[in-house]
Amino acid sequence: MNMLSCSNLKKIYQKQCVVNDLSFSVKRGEVFALLGSNGAGKTTTIKMILDLIPKDAGNVEIQEGIRIGYSPETPYFHPFLSGREVLEFYGGLQKIPKEELKRQIPVLLERTGLEECKTKVKNYSKGMLQRLALAQALLGDPEFLILDEPSAGLDALGRVEMMHTIQRLKEEGKTILINSHILNDIERVCDRGIIMKKGSLLHEWEKGTDRRSLEEIFVEKIGGAKRWES
Amino acid sequence: MGIMKNALLERMRRKDIYVVLVIGILIVMMCMSGAATLSIDGVPVTEFSMMMPMVLNVISVIGGGIAIALSLRTIPNEYERKTSHLVWIRGISQWKYHGQLALANIISSLGSLFILYAGVMVFAGIKGEYAVLAKCIPAFLLFSVSTAAVSLFTSAVSLVLPGMAAGVLAAALMLAGTMHPILETFSGIVSGVARQALRGILFLTPNLYAAESQAGRFLSGKSIQIHSILGGLLVLYICGMLLYLFRRKEA
């Protein structure tokens, strides 16, 4: 059963086609990756899925009645709030009852390793902001998570922790669409994915169907090695 | 109301506004202290009843400027730093989102206006005008309509225009609106293209002065012109409608 189906998506920015005739689907319970170099159109695709920008063509179908959580690439939270207050704010926007929020917030802070952190957001490191972004995405226990570069700017340990968290969410049965540059991480946690180049689908990848590593496939498809050799 | 609360807290942390506010207070205090040699037809203006309308006008212009400065960047900032993404995906309508941000702008603008206006209350107290002092709070409600409209207009145009253009447009509306009687006088004096231009400005801009001057009339015991207050409220309503109609295509 498909949680998300995108068909023939197209987006044009200033006469330049940044996403072109893109079709893919994400099945319930799987972790799906959007891969590609900078400017491949991954974030634009996510924004079209979330209706944050209008599509120029194509269709997005999301299973009816499901809750979606979204963690942006560069999260900004009001610097004068604490992590707990940020979650209270977004939980309030989601109209989660106060009692339920009181129960959820400590669990989410613990899950993202922010339970000990009493300081204001202005004192947060990049890694802590990413974890807070994930925590707010998990508010209301969504079935479908969209994570845009969740490891961006994290150090090695932060990346490992983030991947462990995503792995745990997968084991809980969450469906996850993830956009990342870090191929090793993707290979570890994702079931399927697509490689994009200049807005178009270049290759469909599925774990265990190719003896080569994802990195090798990626370099071959994108043409990175040739670029360096020349 | 969480969006409004956070936007208000953010406004209160802007130090530049406090600097402008202090300068504004100093100007208002100077106007009232007699340090400025103000005279009409060669007669020095020292009486409270004579000074009050002029001081209210000065407060209105400074308060309007602060309202524009406070309201100009609130909504564009939300979109630039992509705070809007996490609001839109939670199903909050643009009207509700922008409305709460605009409300925060209005509250902070009126808060600043009240600080400036408090100078009038202090002055009334010093001069022993206790009857006037008692009327100061209801008069502030009359006085604040035009500043609220300026703030709301700035919020609305900031949705669709770049910062500089929105600021210039809002400042033009505020200045033309508060100087309506002066522009009317000038339009009767000049001729030709200048006259047509002034009449055009008078036609296109709301008479904010008419609404705010009711506060001065109320404080000095004159009858209030209800139609002027209704006119001010109508301008406020139209600005609210602009905020409702102007939409962002992208979060």
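Please refer to the structure placed before this passage.
Residues numbered from 1 in each chain as written. Chains lettered and ligands numbered in written order. Predicted model: local features only at pLDDT ≥ 70, side-chain atom pairs only at ≥ 80, totals over all residues.

1. A few points about the overall build of chain B
Worth spelling out the cut-off: Each helix is a run of H or I in the DSSP string that is no shorter than four residues. Each strand is a run of E no shorter than two, and both are numbered from the N terminus. Radius of gyration here uses only the C-alpha atoms, and the compact-globule reference equals 2.2 Å multiplied by the residue count raised to the power 0.38. Here the C-beta atoms are placed from the backbone, and a residue counts as buried if at least 20 other C-beta atoms lie within 10 Å of its own, exposed if 12 or fewer do, and partly exposed otherwise.
The helix and strand tally for chain B stands at 12 helices and 2 strands. Taken from N to C terminus, the helices and strands of chain B fall in the order α-α-β-β-α-α-α-α-α-α-α-α-α-α. In terms of C-alpha radius of gyration, chain B reaches 19 Å, essentially the compact-globule figure of 18 Å for 251 residues. Considering chain B as a whole, with its 251 residues, one finds that 39% of them fall into the buried category.

2. Quick notes on the pairing of strand β3 (residues 31-36) of chain A
Residue and element names in this part refer to chain A. Definition in use: We call two strands paired when DSSP finds no fewer than two bridges between them.
Burial analysis of β3 places 6 of its 6 residues in the buried class, the great majority of the element. With burial as the criterion, each face of β3 is covered, one bearing Val31, Ala33 and Leu35 and the other bearing Phe32, Leu34 and Gly36. Where β3 and strand β7 (residues 175-179) come together, 4 bridges link them in parallel fashion. By the bridge assignment, Phe32 is partnered in β7 with Leu177.

3. Examining the nonpolar core
In plain terms, the rule: To count as a nonpolar core, a set of buried Ala, Val, Leu, Ile, Met, Phe, Trp, Tyr and Cys residues must be joined through C-beta atoms within 7 Å. Residues are defined as contacting one another if the C-beta atoms placed from their backbone atoms lie within 7 Å.
Counting 120 residues, the largest nonpolar core has Ala149, Leu152 and Phe153 of chain B as its most contacted members. In contact with Ala149 of chain B, not counting residues within four places along its chain, are Leu208, Gly232, Val235, Leu236 and Cys239 of chain B.

4. Some details on the sheet that holds strand β8 (residues 192-197) of chain A
All names here are of chain A. Quick reminder of the rule: All axes here are fitted lines through C-alpha atoms, helices being fitted over the stretch that makes contact, and every angle between N-to-C directions spans 0 to 180 degrees.
Pairing is mixed across the open sheet formed by 6 strands, whose spatial order is β5-β6-β7-β3-β8-β9. Here the strands that pair on one side only, and so sit at the sheet edges, are β5 (68-71) and β9 (200-206). Shown here is a sheet whose adjacent strand axes are inclined to one another by a mean of 15 degrees, direction ignored. Two strands pair when backbone bridges link them, and β8 and β9 are joined in this way by 6 bridges, in the antiparallel orientation. Directly across from Lys197, in β9, lies its bridge partner Ser200. Against the sheet, helix α1 (residues 42-49) engages β3, β6 (144-148), β7 and β8, with an angle of about 145 degrees to β6. Contacts from helix α7 (residues 214-222) reach β3, β8 and β9 within the one sheet, and its direction differs from that of β9 by about 160 degrees.

5. What about helix α4 (residues 126-137) of chain A?
A turn of α-helix holds 3.6 residues, and therefore any two residues three or four places apart point the same way. Note the threshold: By this rule, a helix spans an expected 1.5 Å times one less than how many residues it contains.
In this model, α4 of chain A (12 residues) spans 17 Å end to end at C-alpha, consistent with the 16 Å of a helix rising 1.5 Å per residue. Of all the positions in α4 of chain A, only Gln130, Arg131, Leu132, Ala133, Leu134, Ala135, Gln136 and Ala137 of chain A are classed as buried. Summarising the contacts, the buried residues of α4 of chain A are in contact with β5, α2 (83-93), α3 (98-111), β6 and α5 (156-171) of chain A together with α5 (83-88) of chain B.

6. A few points about the packing of helix α3 (residues 48-71) of chain B against helix α6 (residues 94-126) of chain B
All names here are of chain B. Put simply, the rule reads: Working rule for angles: under 35 degrees goes down as roughly parallel, over 145 as roughly antiparallel, 65 to 115 as roughly perpendicular, anything else as oblique. Here a crossing is called left-handed whenever its near helix is offset anticlockwise from the far helix by less than a right angle, and right-handed whenever the offset is clockwise. Charged means Asp, Glu, Lys or Arg here, nonpolar means Ala, Val, Leu, Ile, Met, Phe, Trp, Tyr, Cys or Pro, and polar covers whatever is left, Gly included.
In the contact formed by α3 and α6, the axes pass within 9 Å of each other and the chain directions differ by 160 degrees. Taken together, the axes of α3 and α6 are roughly antiparallel relative to one another. Every pair of crossing elements has a handedness; the one defined by α3 and α6 is right-handed. When α3 is examined against α6, the residues Phe48, Met52, Val55, Ile59, Ile62, Gly63, Ile66, Ala67, Leu70 and Ser71 are found in contact with a partner set consisting of Asn105, Ser108, Ser109, Ser112, Leu113, Leu116, Tyr117, Val120 and Ala124. Class assignment of the residues belonging to the contact of α3 with α6 gives a composition of 13 nonpolar, 6 polar and no charged.

7. So, the interface of chain B and chain A
Of the residues lining the interface, 18 residues belong to chain B; the matching set on chain A comes to 17 residues. If you list the elements that add at least two residues to the side of chain B that touches chain A, you get α1 (2-12) and α5 of chain B. Considering each element in turn, the side of chain B that touches chain A owes the most residues, 5 residues, to α5 of chain B. Among the residues making up the side of chain B that touches chain A, the classes are represented as 7 nonpolar, 4 polar and 7 charged.

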